[in-house]
Amino acid sequence: MNLFGWPVEGDEDKRMLMEQVSAFAQKVVAPKAKHHDETGEFPTDNVKQMAEMGLMGMMVGEEYGGANLDAVSYAMCMEEISAACASTGVIMSVNNSLVAWPIEAFGTEEQKKKWLPPLVSAEKLGCFALSEPGAGSDPGGLKVTAKKVDGGYKINGTKNWITNGKEAGICVVFASIDLSLGQKGVTAFIVDTSLKGFSVAKLEDKLGITASSTAQLFFDDVFVPSDCLLGKEGQGLKIALATLDGGRIGIAGQALGIARCALEASKKFALEREQFGAPIAKLQAIQWHIADMSVRLQAARLLTWNAARLKDAGVRFTKEAAQAKLAASEAAMWITTKAIQVHGGYGYTKEYVVERNFRDAKITEIYEGTSEIQRLVIAAQEFAAVTK
Ligand code: CAA
C-alpha cells in the first residue's frame, strides 16, 4: 500500500486500514461511479458498506459505536473514497465532520447516546443546515428563526445547498432565537427530519457530484423539544465555524482524491496514446504536465495531513484547515484541467474519467467556504498572530 509519504514505521494500524479502504474503494466504489454520475442515483450500497467498515463515524468514540480513529486517517480515507467516487466522498464527509463531530464535541451525554449510534451505522444519515438563500459566506446573517415555546422551540424558514438533505434522518440546524441579536442569536439544534413541518422543498441539478443530494429544506413551524438544543443558546455560530474547521479537512481530502484520480488516468493515457510514432509520455511537454500535477497534489496532501495532525494534537487548526482546503481544492481544479489537456480531445468526452473529475473538482472550491473565504480566514489568523 502506497501511503504517499506518510511515515509508516510504527503505524501498522494505519497501513492496514488504508489497504482495506483502498481495496474497497477500487473494487466496489470505482466501478459504479460512472453509473452514479450519469444517473444521479444515490449510492445506497456504498454507504451501507462504508458504515459496516466504520467509515461513517470514523472519529466517533467506541462507546457510541464509532471507529475512534484520528483525523489523519480520516483525511486519508476521504482521499481513497473520493478517488473512486467524489459523490460518495462528500456523503461520507458530511456525516463524519459536519454532523457526528459537533454532536460529540458539543452534545450532552444523552444526546451523544441518542444521535451518534444511528449516524455511525448510517441507519440515519446526517446533514448540516447552515446556509440559506441569503446567507452563504456570511452565516452570521442567517434568517431562519427558532422561537422559544413551551417545552422547546419552533423553527421556521428555508435552508439552501444542504448536502444529504434529501436522505438525512438527522439534521444539525442553525437558527436565530432573536434576529435583533445578530450573530449572538445563532443557535444550533439537532432535528429529527421526520418531525412535522420539515420538508425537502427542492433538489439542485448540479454540474458535478451528481449522486449526492443538494437540497433546499423548508421548516414550517417545526417543533423541536428543548433537549435538542446543541450547546447553549447563542453559541451556534461558534459551533458552526469550529465544525467547519474539521469539515475543511474532509473536503481537502475529497479534492486530493479527485486530483489523484485525474493524475493516475493521465499517466495511464500518456503511456498508451501514441503520436509522432511513440507514446506521448515520451514527450517532454507531457512529462512537465505530469510533474507539475504531481508536485501540486503532494504539496496539498502534506498541508491536509498537517491540519489533521494539529486537530489530533488538540490545538487550534483554523488557519491550517483553511490552507489545506484552499490548496487542495485549487490543486484539484488545476490538475483536472491539465488532465483533460493531456488527454486532448478524448478528455473532453464522457468516455474518460477526467471529464467527471473536472466537473467534480469545481465544488471543492465552493462548499464549506469558498476559496475567497479560506483566504480571508488565513489572513485573519496571520494578522491575529502579529497583534497578539
Ligand atoms: N472556531 C471557533 N470559533 C470561531 C471560529 C472557529 N474557527 N472562527 C470564528 N469564531 C468565533 C469568533 O471568535 C467570534 O466569536 P466572538 O464573537 O466571541 O468574538 C465569532 O465566532 C464570529 O467570528 P467572526 O467575527 O470572525 O465572524 P465573521 O462573521 O467575520 O465570519 C467567516 C467569519 C470566516 C467569514 C465565516 O463566517 C466563514 O467561515 N464563512 C463561510 C461559511 C461556510 O463555510 N459556509 C459553508 C456552509 S456548509 C456547506 O458547505 C454545506 C454542505 O452541506 C457541504
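For clarity, every value in this text was computed on a predicted model and none was experimentally measured.

Focus: the overall build of the protein chain
Then comes step 1: A tally of helices and strands in the protein chain yields 10 helices and 10 strands.
Then comes step 2: Overall size of the protein chain, expressed as C-alpha extent along the three principal axes, is 80 × 50 × 40 Å.
Then comes step 3: Residues counted as buried form 54% of the 388 residues belonging to the protein chain.
Then comes step 4: The long-range share in the protein chain, meaning contacts at least 24 apart out of those at least 6 apart in sequence, stands at 74%.
Then comes step 5: Accessible area for the protein chain stands at about 16700 Å²; split by element, carbon and sulfur atoms hold 55% of it.

As for the environment of A385
Then comes step 1: Summarising the element assignment, A385 is placed in helix α10 (residues 371-387).
Then comes step 2: Assessed through its relative accessible area of 51%, A385 is described here as exposed.
Then comes step 3: As for A385 and S82, which are separated by 303 residues in sequence, their C-alpha atoms are 34 Å apart.

Concerning the site of the ligand
Then comes step 1: Neighbouring residues of the ligand: 23 residues in total, closest S137, Q183, K184, K238 and E368.
Then comes step 2: D245 places a side-chain nitrogen or oxygen 2.9 Å from a nitrogen atom of the ligand.
Then comes step 3: A distance of 2.8 Å separates an oxygen atom of the ligand from a polar backbone atom of E368.
Then comes step 4: Counting atoms within 2 Å of the grid points, the majority share of the ligand lands in the largest pocket.
Then comes step 5: Elements with a minimum of two residues in the shell around the ligand: β3 (152-163), α6 (236-272) and α10.
Then comes step 6: When residues in the shell around the ligand are grouped by element, the largest group, seven residues, is from α6.
Then comes step 7: Looking at the shell around the ligand residue by residue, the class counts come to 10 nonpolar, seven polar and six charged.

Some details on the packing of aromatic side chains
Then comes step 1: Inspection of the entire model under this criterion finds seven aromatic pairs.
Then comes step 2: Ring centres 5.8 Å apart and planes at 85° place the aromatic pair W101 and F106 in the edge-to-face group.
Then comes step 3: Here the aromatic rings of F269 and Y352 are separated by 5.7 Å at their centres, their planes lie at 90°, and the arrangement is edge-to-face. Of this pair, F269 sits in helix α6 while Y352 is found in the loop between α8 (318-343) and α9 (353-363), placing the two residues 83 residues apart along the sequence.
Then comes step 4: Accessibility expressed as a relative area gives 25% for Y352, which makes it partly exposed.

Remarks on the pairing of β3
Then comes step 1: As judged from the five bridges shared by strand β2 (residues 145-149) and β3, these two strands associate in the antiparallel manner. Bridge pairing in β3 links K147 to K154.
Then comes step 2: Counting the residues in the hairpin turn of β2 and β3 gives two residues, including G151, whose phi is positive at 85°.
Then comes step 3: Of the pairings in the sheet, the one linking β3 to strand β7 (residues 214-225) comprises nine bridges and is antiparallel in character. Pairing of I155 across the sheet is with V222, part of β7.

Side note on the pattern of salt bridges
Then comes step 1: Counted by the stated rule, this structure contains 23 salt bridges.
Then comes step 2: E19 is the salt-bridge partner of R15, the closest N and O atoms lying 2.5 Å from each other. Linking R15 with E19, this pair stays in helix α1 (residues 12-39), spanning four residues, or about one helical turn.
Then comes step 3: Judged by relative accessible area, R15 falls into the partly exposed class, the value being 24%.
Then comes step 4: With relative accessibility at 35%, the residue E19 sits in the partly exposed group.
Then comes step 5: With a closest N to O distance of 3.8 Å, D360 and R356 form a salt bridge. Linking D360 with R356, this pair stays in helix α9, spanning four residues, or about one helical turn.

So, the packing of helix α3 (residues 71-84) against helix α4 (residues 86-106)
Then comes step 1: Packing of α3 against α4 leaves a shortest axis separation of 6 Å and a crossing angle of 150°. In terms of their interaxial angle, α3 and α4 are classed as roughly antiparallel. Taking contact as the criterion, the partners of Y74, C77, M78, I81, S82 and A84 in α3 are, on α4, A86, T88, G89, M92, S93, N96 and S97.

So, the nonpolar core
Then comes step 1: One finds M92 and F174 to be the most contacted residues of the largest nonpolar core, which totals 118 residues.
Then comes step 2: Here this core takes 16 residues from α6, the largest share from any one element.
Then comes step 3: One finds A322, L326, V377 and I378 within the second-largest nonpolar core, a separate group that totals five residues.

A look at the pairing of strand β1 (residues 125-129)
Then comes step 1: For β1, the buried fraction is high: five of the five residues fall into the buried class.
Then comes step 2: Because side chains alternate across β1, one face comprises the buried residues L125, C127 and A129, and the other comprises G126 and F128, equally buried.
Then comes step 3: Pairing geometry for β1 and strand β4 (residues 168-176), over five bridges, is parallel. For F128, the partnering residue across the bridge sits in β4 and is V172.

Remarks on α10
Then comes step 1: The terminal C-alpha atoms of α10 lie 25 Å apart, and with 17 residues this matches the ideal 24 Å at 1.5 Å per residue to within 8%.
Then comes step 2: The set of residues buried in α10 consists of S371, I373, Q374, V377 and I378. Projection of α10 onto a plane perpendicular to its axis shows the buried side chains occupying an angular sector of 165°, all on one side. In α10, those exposed residues whose orientation departs by more than 90 degrees from the buried face are E372, L376, F383, V386 and T387.
Then comes step 3: The inward-facing, buried residues of α10 abut α6 and α8.

Rules used in this analysis
- Residues numbered from 1 in each chain as written.
- Predicted model: local features only at pLDDT ≥ 70, side-chain atom pairs only at ≥ 80, totals over all residues.
- Heavy atoms only, no water.
- Helix = DSSP H or I, 4+ residues; strand = E, 2+ residues; numbered from the N terminus.
- Buried < 20%, exposed > 50% of the residue type's maximum accessible area, 1.4 Å probe, protein only.
- Contact = heavy atoms within 4.5 Å.
- Areas by Shrake-Rupley, 256 points an atom, 1.4 Å probe, with all protein chains shown as cover.
- Near = heavy atom within 4 Å.
- Polar contact = N/O pair within 3.5 Å; in protein donor to acceptor, adjacent residues only side chain to side chain.
- 1 Å grid on protein atoms, 1.4 Å probe; cavity = no way out; pocket = protein on both sides within 12 Å on 5 of 7 lines; lining within 4 Å.
- Sits in = over half its atoms within 2 Å of the grid points.
- Nonpolar A, V, L, I, M, F, W, Y, C, P; charged D, E, K, R; others polar.
- Phe/Tyr/Trp six-rings, centres within 6.5 Å; stacked < 30°, edge-to-face > 60°.
- Pairing = 2+ DSSP bridges.
- Salt bridge = Lys/Arg side-chain N within 4 Å of Asp/Glu carboxyl O.
- Axes fitted to C-alpha atoms, helices over the stretch in contact; angles between N-to-C directions.
- Parallel < 35°, antiparallel > 145°, perpendicular 65-115°, else oblique.
- Core = buried A, V, L, I, M, F, W, Y, C linked by side-chain atoms within 4.5 Å.
- Expected span 1.5 Å × (residues − 1).
- Arc of directions from axis to C-beta.

Read these as spatial facts, not as claims about activity.
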